[in-house]
Amino acid sequence: MKKQWILAVAALLSLASCGSYKKLTYLQDMEVLTTYDVKEQPNVLIGVNDKLRIVVTCQEPTLAAPFNLSTGVFSVNPETGESVTKLSSEAESGYVVDNNGYIDFPVIGLVKAEGLTLEGLREDLIDKIIETKYIKDPIVLVEFMNFQFTVLGEANPGNYNVPNGHINLLEALALAGDLKPSAKRDDVWVIRTENGQRMVYSVDMRSKDLFESPAFNIQQNDIIYVKPLKSVKDADASKRSSVITTVISALSTVSSITLAFVYAGVIGSR
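Just so you know, these numbers come straight off a predicted model, no measurement behind them.

Caption draft 1: Summary view of the overall build of the protein. When you go through the protein residue by residue, the secondary structure sums to five helices and 12 strands. Expressed as a percentage of contacts within the protein between residues at least 6 apart in sequence, the contacts between residues at least 24 apart total 62%. Carbon together with sulfur atoms contributes 55% to the accessible area of the protein, which is approximately 16,300 Å² in total.

Written out as structure tokens, the structure reads:
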């Protein structure tokens with residue numbers, strides 16, 4: 001009888017853990033060793049009020065100085081050819097894209113930045129600097145200083161900065177400490193403002209379809225809202241399920257070991 005009892009308990013534990021598993025697990029419809037097409041990550045475009053760090057260097061540091069906000073020291077390593085830049089605090093103020101989409105750049109004047117990628121602006125600045133005939137071979141660095149997204153709800157709420165401007169939804173939630181057990185995983189909202197209009201995208205974190213969502217790659221100033229479960233009762237149940245899952249796992253292990261002993265004859269079956 002003991003053998004049948006152990007098998008019955010193991011089956012019940014397995015069924016109980018299945019429900020908790022489906023509530024908490026990401027990407028449930030993905031399969032191991034199966035390939036999936038990967039979409040090219042879209043380039044992040046510069047927008048109004050973005051703050052940019054732009055540094056110009058060249059072989060002759062004194063020639064580059066007029067093109068920079070600060071009196072920082074610029075040099076080139078003669079052995080590696082790499083530029084070395086030491087910036088003052090003034091340079092850290094950066095260039096803010098105005099309401100018309102322009103930055104006011106030293107020597108050159110107004111330069112259109114809105115709608116360009118970082119690489120696009122970098123190339124444009126190189127061409128304009130060469131046109132001034134001050135520098136023949138400028139080296140230009142362009143980076144975001146204020147690229148951020150906001151997380152609200154059932155994660156760790158806050159504003160999170162991304163220096164390189166590239167982050168996807170999974171990475172963003174990981175940065176925010178992952179979803180809480182009380183989070184609604186099948187309807188995570190990404191709220192995005194583009195061209196003066198606000199759009200809400202709903203993403204099911206349990207499905208591989210999230211990779212196809214326009215909201216998978218996070219854009220500047222996106223708001224990620226993680227909804228709670230429908231009621232306090234559901235939230236408490238979800239928290240308990242997390243604990244129960246751990247206990248079930250331990251009990252399943254014990255039952256498996258016991259069953260193994262039964263079959264080996266170490267424990268009597270009567």
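Caption draft 2: Representation of the sheet that holds strand β4 (residues 95-96) within the structure. Strand order in the open sheet formed by three strands is β4-β1-β7, with antiparallel pairing between adjacent strands. Both outer strands of the open sheet, β4 and β7 (139-144), are each paired with one neighbouring strand and no more. As paired elements, strand β1 (residues 51-57) and β4 share two bridges and run antiparallel to each other. Within the sheet, the bridge partner assigned to L52 lies in β4 and is Y95. Its contacts with the sheet put helix α3 (residues 118-132) on β1 and β7, and the angle it makes with β7 is roughly 150°.

Caption draft 3: Examining the sheet that holds strand β10 (residues 188-194) more closely. One open sheet accounts for five strands, arranged β9-β8-β12-β10-β11; its pairing is mixed. Two strands bound the open sheet, and with one partner strand each, they are β9 (158-161) and β11 (197-203). On average, each strand axis in the sheet is inclined to that of its neighbour by 20°, with strand direction left out of account. Across three bridges, β10 lies against strand β12 (residues 223-226) in antiparallel orientation. In the sheet register, W189 faces β12, and the bridge partner there is Y225.

Caption draft 4: Geometry of the packing of aromatic side chains. Within the structure shown, the criterion is met by six aromatic pairs. Between F67 and Y134, the aromatic rings sit 5.7 Å apart at their centres with planes inclined by 90°, giving edge-to-face as the arrangement. Of the two residues, F67 sits in the loop between α2 (61-64) and β2 (73-76) while Y134 sits in the loop between α3 and β7, which places them 67 residues apart along the sequence. On the basis of relative accessible area, F67 is assigned to the buried category, the value being 0%. When the ring of Y95 is compared with that of F105, the centres are 5.3 Å apart and the planes differ by 25°; the resulting orientation is stacked. Remark: F105 occurs in strand β5 (residues 102-105) and Y95 occurs in strand β4; sequence separation between them is 10 residues. On the basis of relative accessible area, Y95 is assigned to the buried category, the value being 4%. F105 sits in the buried class, given a relative accessible area of 2%.

Caption draft 5: A look at the side chain of T150. Along the chain, T150 turns up in strand β8 (residues 148-153). In contact with T150, other than residues within four places in its own chain, are G158, N159, D222, I223 and I224.

Caption draft 6: Region of the structure containing unusual backbone geometry. Phi is positive for L33, close to 60°, though the residue is something other than glycine. Positionally, L33 belongs in the loop between α1 (2-24) and β1. Judged by relative accessible area, which is 87%, L33 ranks as exposed. At N221, a position not held by glycine, the phi torsion is positive, near 65°. Tracing the sequence through the fold places N221 in the loop between β11 and β12. According to the relative accessible area criterion, N221 is partly exposed, its value standing at 46%.

The rules behind these values
Residues numbered from 1 in each chain as written. Predicted model: local features only at pLDDT ≥ 70, side-chain atom pairs only at ≥ 80, totals over all residues. Heavy atoms only, no water. Helix = DSSP H or I, 4+ residues; strand = E, 2+ residues; numbered from the N terminus. Contact = heavy atoms within 4.5 Å. Areas by Shrake-Rupley, 256 points an atom, 1.4 Å probe, with all protein chains shown as cover. Pairing = 2+ DSSP bridges. Axes fitted to C-alpha atoms, helices over the stretch in contact; angles between N-to-C directions. Phe/Tyr/Trp six-rings, centres within 6.5 Å; stacked < 30°, edge-to-face > 60°. Buried < 20%, exposed > 50% of the residue type's maximum accessible area, 1.4 Å probe, protein only.

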